[in-house]
Amino acid sequence: MIGPVVKIDPATLPRRDNIHYLGGKSYQELPAYLVGWDLAMLPFARNESTRFISPTKTPEYLAAGKPVVSTSIRDVVRPYGQEGLVRIADTVAEFVSAVETAIKEDCPESGWLAKVDAFLKQISWDRTWSSMMQLIDSALATRLQRSMAVYLTSLEEQGTTDSLMDGFSTGINQSPGIVTRDFLFDYLVVGAGFSGSVIAERIASQLGKKVLVVDKRSHIGGNAYDHYDNSGILVHKYGPHIFHTNSRDVFEYLSQFTEWRSYEHRVLASVDGQLVPIPINLDTINKLYGLNLTSFQMPEFYASLAEPKEYIRTSEDVVVSKVGRELYEKFFRNYTRKQWGLDPSELDKSVISRIPTRTNRDDRYFTDTYQAMPLHGFTRMFETMLNHPNIKVMLNTDYREIQKAIPCREMVYTGPVDEFFDLRYGKLPYRSLEFKHETHNKPVFQPAPVVNYPNEQLYTRITEFKYLTGQEHAKTSIVYEFPRAEGDPYYPVPRPENAEIYKKYKALADATPGVYFVGRLATYKYYNMDQCVAQALTVYKQISVKQQVATVGGCL
Ligand SMILES: Cc1cc2nc3c(=O)[nH]c(=O)nc-3n(C[C@H](O)[C@H](O)[C@H](O)COP(=O)(O)OP(=O)(O)OC[C@H]3O[C@@H](n4cnc5c(N)ncnc54)[C@H](O)[C@@H]3O)c2cc1C
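Residues numbered from 1 in each chain as written. Predicted model: local features only at pLDDT ≥ 70, side-chain atom pairs only at ≥ 80, totals over all residues. Heavy atoms only, no water.

### Examining the packing of aromatic side chains
Next, step 1: Tallied over the full model, the rule gives 30 aromatic pairs.
Next, step 2: Both rings, one in Phe 421 and one in Tyr 505, keep their centres 6.4 Å apart while their planes meet at 20°; by these two values the pair is stacked. One end of the pair, Phe 421, is in the loop between helix H15 (417-420) and strand S15 (430-440); the other, Tyr 505, is in helix H17 (residues 496-510), with 84 residues separating them in the sequence. Each member of the pair, Phe 421 as well as Tyr 505, is classed as buried.
Next, step 3: The structure contains a cluster of three or more aromatic residues connected by ring pairs, namely Tyr 399, Tyr 413, Phe 420, Phe 421, Tyr 425, Tyr 505 and Phe 517.
Next, step 4: Between Lys 436 and the ring centre of Tyr 480, over which it is positioned, the NZ or CZ distance is 4.8 Å. (Phe/Tyr/Trp six-rings, centres within 6.5 Å; stacked < 30°, edge-to-face > 60°. Helix = DSSP H or I, 4+ residues; strand = E, 2+ residues; numbered from the N terminus. Buried < 20%, exposed > 50% of the residue type's maximum accessible area, 1.4 Å probe, protein only. Lys NZ or Arg CZ within 6 Å of the ring centre and 35° of its normal.)

See the structure below:
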């Protein structure tokens, strides 16, 4: 007898000179034992614990060509007993007699072995595996079709992006219910925001590879998505997005997909009952303090307010050392507390290290070389970008729903890195925002595109979209932003302990072959749109080099 003696007192086991208890053996050793047997026995006692067993040993013994005698265990009787492949016996006398007959009759010459082989062929592991895969495939395909139906409905409702799906439904309909195991797509791109869309566009247009872009939201464009609201005014669903960059490459790249409307952003801050320019400039100071300073006097004025610090560690240090405590309190402290839920003294210096102060009247919010808005909006730009025969887009779909049903060679992942790894090291904290959109029955709501409310309100700012888009309309639409601790992930919280958690996820990401982690969520960094584009173009270059190497090597 081979196998460990467990759950039974060894003293109660039958003892004879020719019965040997050899203990447990490795799987590799078993065939060597089996080859010496005349017959295999399944002498299970019949009781509550054996009532529902289904011994895999039965087909294994038969596959070894050994006659088998078993007690009447249900799953052995049916089918093996009924098919005449295994002899069933319950009493000692029956068992002895069955063993003697089996040794004589269950042999190749009697035709028994051919019957056994024919039966086993039907239940081979290969067949079992293939039936399981068919069931899994058809279950996933049903789910996929449901997602597509939702997507197509949303397309119909939007009536805009039909071309994005050209050919996709054809591919699936070729084999209803079953998605083939071949690669329908070379790349799965998770996320249709800037990061995902840029890479998808490059791979499709430059490498000629097939790309499936999946986004769990009902639209493309990620956080930069804009749309016409019920009054027909173009608004940014996730708060104002102003394009600005110093990178000529980025600007020229995007210019392939949109014309531009020149736009320089301006912001006022509501402080001490007045609306004053921000970043703080000559006019801000003169208005707030009732002064009449000139640009030449400004450096001296700032210096008189500044509280020099030996070490600049926190965001508070940054501001106070530059413009003093009073301006810090008026403009920065409460705004930061609202925005981050943390006092600037608790935030790393990097968070507001780039807050500029000006000595002249320049009231532009950004000073980048290129400042412009897509002429027909961001979403239109994304549509043009993704409108390529090699790109298909699926919306309302979490990539995990389709990843197995639609195998792709490689993945570009622009979702949250912690979610990719099932929050293995805990959740990476983000600050979120709640947006309250309103339309007012007048052409202008406020005197600037954005008004910041550092102190008195629960919201941080109000944006009036028509300034950004240049649209003319009798009404006007605005959005309030209320910072929140919970909600969609918008701003990574720049604390050292979070950087530590991210480091661990980054190590996992680096060790995950075939997946590129790109964008603000996958790299846990606050990126502006142009930075996302630049990063995506860089990652695309890596992909392209890898493709070239693989093509030369004949792999892909
Ligand atoms: C309020 C606000 C204002 C901003 N203003 C500006 C600005 O004025 N100028 C500027 O340059 N930048 C601005 N930004 C930054 C800008 O939004 C980002 O740089 C850019 O949108 C990030 O692009 P992305 O593709 O990396 O991420 P996202 O745009 O977030 O795209 C990621 C996409 O992945 C999808 N996704 C996530 N998980 C899954 C999943 N499991 N399955 C399928 N899909 C998934 C998400 O639905 C999302 O659509 C602002 C950001 C915010 C929050």
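### Topic: the pattern of salt bridges
Next, step 1: Following the criterion strictly, the structure yields 30 salt bridges and no others.
Next, step 2: Across the pair Arg 51 and Glu 48 runs a salt bridge, and its minimum N-O distance is 3.4 Å.
Next, step 3: Given a relative accessible area of 44%, Arg 51 falls into the partly exposed group.
Next, step 4: Look at Glu 48 and you get exposed, because its relative accessible area is 62%.
Next, step 5: Residue Asp 272 pairs with Lys 330 through a salt bridge whose shortest N-O separation is 2.7 Å. A residue pair is termed long-range when its members are at least 10 positions apart, and Asp 272 in the loop between strand S10 (267-271) and strand S11 (274-278) and Lys 330 in helix H12 (residues 315-340) qualify at 58 residues.
Next, step 6: Among the residues examined, Lys 330 registers a relative accessible area of 17% and is labelled buried.
Next, step 7: Several salt bridges converge on common partners, so that one network encompasses Glu 264, Arg 266, Arg 358, Asp 362, Asp 363 and Arg 364. (Salt bridge = Lys/Arg side-chain N within 4 Å of Asp/Glu carboxyl O.)

### Thoughts on the site of the ligand
Next, step 1: Taken together, 33 residues lie near the ligand, and Ser 195, Asp 215, His 241, Arg 520 and Tyr 527 sit nearest.
Next, step 2: One of the side-chain N or O atoms of His 241 is found 2.7 Å from an oxygen atom in the ligand.
Next, step 3: Here the ligand loses 97% of its free accessible area of 1000 Å² to cover by the protein chains.
Next, step 4: Counting only elements with at least two residues in the shell around the ligand, the list comes to helix H8 (194-206), helix H14 (399-402), helix H18 (519-522) and helix H19 (529-552).
Next, step 5: Top element by residues in the shell around the ligand is H18. It accounts for three residues.
Next, step 6: Among the residues forming the shell around the ligand, the class breakdown is 16 nonpolar, 11 polar and six charged. (Near = heavy atom within 4 Å. Polar contact = N/O pair within 3.5 Å; in protein donor to acceptor, adjacent residues only side chain to side chain. Areas by Shrake-Rupley, 256 points an atom, 1.4 Å probe, with all protein chains shown as cover. Nonpolar A, V, L, I, M, F, W, Y, C, P; charged D, E, K, R; others polar.)

### Quick notes on the domain arrangement of the chain
Next, step 1: Domain annotation for the chain reports domain 1 (37-123) and domain 2 (124-264 + 366-414 + 518-556).
Next, step 2: Listed as interface residues are four residues of domain 1 and, on the opposing side, four residues of domain 2.
Next, step 3: With both sides pooled, the region where domain 1 packs onto domain 2 buries about 270 Å², and carbon together with sulfur makes up 44% of that total.
Next, step 4: Looking only at domain 1, the three residues that lose the most surface to domain 2 are Lys 121, Gln 122 and Ile 123, adding up to 81% of its buried area.
Next, step 5: Inspection of the domain 1/domain 2 interface yields zero salt bridges.
Next, step 6: Seen at the junction of domain 1 and domain 2, the total is two residue pairs in polar contact (both at pLDDT 80 or more).
Next, step 7: Per-class residue counts for the side of domain 1 that touches domain 2 are two nonpolar, one polar and one charged. (Domains from an automatic or database assignment. Contact = heavy atoms within 4.5 Å. Buried area = accessible area lost by both parts, 1.4 Å probe.)

### Comments concerning the layout of surface pockets
Next, step 1: Taken as a whole, the second largest pocket holds about 2300 Å³ of empty space.
Next, step 2: In terms of lining, the second largest pocket is formed by 46 residues, of which the most central are Met 1, Ile 2, Met 41, Pro 43 and Tyr 61.
Next, step 3: Those elements that place two or more of their residues in the lining of the second largest pocket are helix H1 (30-34), strand S1 (40-42), helix H2 (57-63) and helix H4 (92-105).
Next, step 4: Tallying contributions element by element places H4 first for the lining of the second largest pocket, with five residues.
Next, step 5: Each residue belonging to the lining of the second largest pocket can be placed in one class, and the counts come to 30 nonpolar, nine polar and seven charged. (1 Å grid on protein atoms, 1.4 Å probe; cavity = no way out; pocket = protein on both sides within 12 Å on 5 of 7 lines; lining within 4 Å. Points joined across faces, edges and corners; volume = space filled by probe spheres on them.)

### So, the pairing of S11
Next, step 1: Relative to S11, S10 runs antiparallel, the two being bridged by five bridges. Counted as the bridge partner of Leu 268 is Pro 277 from S11.
Next, step 2: In this structure, the hairpin formed by S10 and S11 is closed by a connection of two residues, where Asp 272 is found at a positive phi of approximately 50°. (Pairing = 2+ DSSP bridges.)

### As for unusual backbone geometry
Next, step 1: Cis geometry is adopted by the peptide bond preceding Pro 79, which originates at Arg 78 and carries an omega value of 25°.
Next, step 2: One non-glycine residue, Asp 422, lies in the positive phi region at around 50°.
Next, step 3: Tracing the backbone through its elements, the reader meets Asp 422 in the loop between H15 and S15.
Next, step 4: With a phi close to 55°, Leu 423 is a non-glycine residue in the positive phi region.
Next, step 5: With respect to the element layout, Leu 423 can be found in the loop between H15 and S15.

### Thoughts on the sheet that holds strand S3 (residues 87-88)
Next, step 1: The parallel open sheet is built from three strands, whose spatial order is S1-S2-S3. Of all the strands in the sheet, the pair left with one neighbour each is S1 and S3.
Next, step 2: When strand S2 (residues 68-70) meets S3, the two strands line up parallel, connected through two bridges. What sits directly across from Val 69, in S3, is Arg 87.
Next, step 3: Packed on one face of the sheet, H4 meets S1, S2 and S3 and runs near 165° to S2. (Axes fitted to C-alpha atoms, helices over the stretch in contact; angles between N-to-C directions.)

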